[in-house]
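# Secondary and tertiary structure notes
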Amino acid sequence: DDAAALLDTLVAKAPSAAAHVARLRFGWRARGAAAGRAAFALARRQPAHSPWPVYAAAAQLEYMLGEERAAAAETGRRVYALALAKAEASAQAKGGSVPAGLVLSYASYLRASADLPNLRELLERGLLLLPAAEAAQLWPIYAQVEAQFGTAASQAELAKRRAAA
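The following paragraphs examine the structure supplied in this document. Remember, it's a predicted structure, so these values are computed and weren't measured experimentally.

Close contact between helix α4 (residues 52–65) and helix α5 (residues 69–94) brings their axes to 7 Å; oriented N to C, the two are set at 170°. It follows that α4 is roughly antiparallel to α5 by the angle criterion. Between α4 and α5, the residues in contact are Y55, A56, A58, A59, Q60, E62, Y63 and M64 and R69, A72, A73, T75, G76, V79, Y80, L82, A83 and K86, respectively. Here the residues of the contact of α4 with α5 sort into 12 nonpolar, three polar and three charged.

Right under this line is the structure:
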């Protein structure tokens, strides 16, 4: 309980993404799913201090520590989708772009959870959302996905698109 009190004090006095992630991890590991989810809910109520890495940590903890794997994977996917939607709205409001790290982290998550349809959809979306220089990071991932799971036609189409980009 001393650790919980210390983390609560840290989040209250110096809120930051790192503090929220530490609190999330502690909640999940020491007190279980309900405490981890409550910590995420608290972080979401402080949007200035809960950028996408907080959402990524919540999604990954849900997936790795959730009791039922398929449900936990879906919950984690929804958390990432929420982070991406918030990032898109923020980028539109401020005239910026979605963080490439978010798209890359989300893609890694979808790949680890074997969610191929949503991974392909995210990669397509990421190619549209990110500036060309940052989107370039997605092409090798997409090519590898198609090489492993796609058809010869899908690989050829992707290679053609990549060359044109």
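Right, picking up where we left off after that structure.
Here we take up the pattern of salt bridges. By the definition in use, this model includes seven salt bridges. In this structure, the salt-bridge partner of E74 is R78, at a minimum N-O distance of 4.0 Å. Taken as a pair, E74 and R78 lie in helix α5 at a separation of four residues, close to a single helical turn. For E74, a relative accessible area of 31% corresponds to the partly exposed category. Judged by relative accessible area, R78 falls into the partly exposed class, the value being 46%. Salt-bridge contacts for E146 lead to R120; the nearest nitrogen and oxygen are separated by 2.6 Å. With E146 in helix α9 (residues 138–149) and R120 in helix α7 (residues 116–129), this pair connects stretches of sequence that are 26 residues apart. Several salt bridges converge on common partners, so that one network encompasses E74, R77 and R78.

Cut-off values and rules
- Residues numbered from 1 in each chain as written.
- Predicted model: local features only at pLDDT ≥ 70, side-chain atom pairs only at ≥ 80, totals over all residues.
- Heavy atoms only, no water.
- Axes fitted to C-alpha atoms, helices over the stretch in contact; angles between N-to-C directions.
- Helix = DSSP H or I, 4+ residues; strand = E, 2+ residues; numbered from the N terminus.
- Parallel < 35°, antiparallel > 145°, perpendicular 65-115°, else oblique.
- Contact = heavy atoms within 4.5 Å.
- Nonpolar A, V, L, I, M, F, W, Y, C, P; charged D, E, K, R; others polar.
- Salt bridge = Lys/Arg side-chain N within 4 Å of Asp/Glu carboxyl O.
- Buried < 20%, exposed > 50% of the residue type's maximum accessible area, 1.4 Å probe, protein only.

Keep in mind these numbers describe shape, not what the thing actually does.
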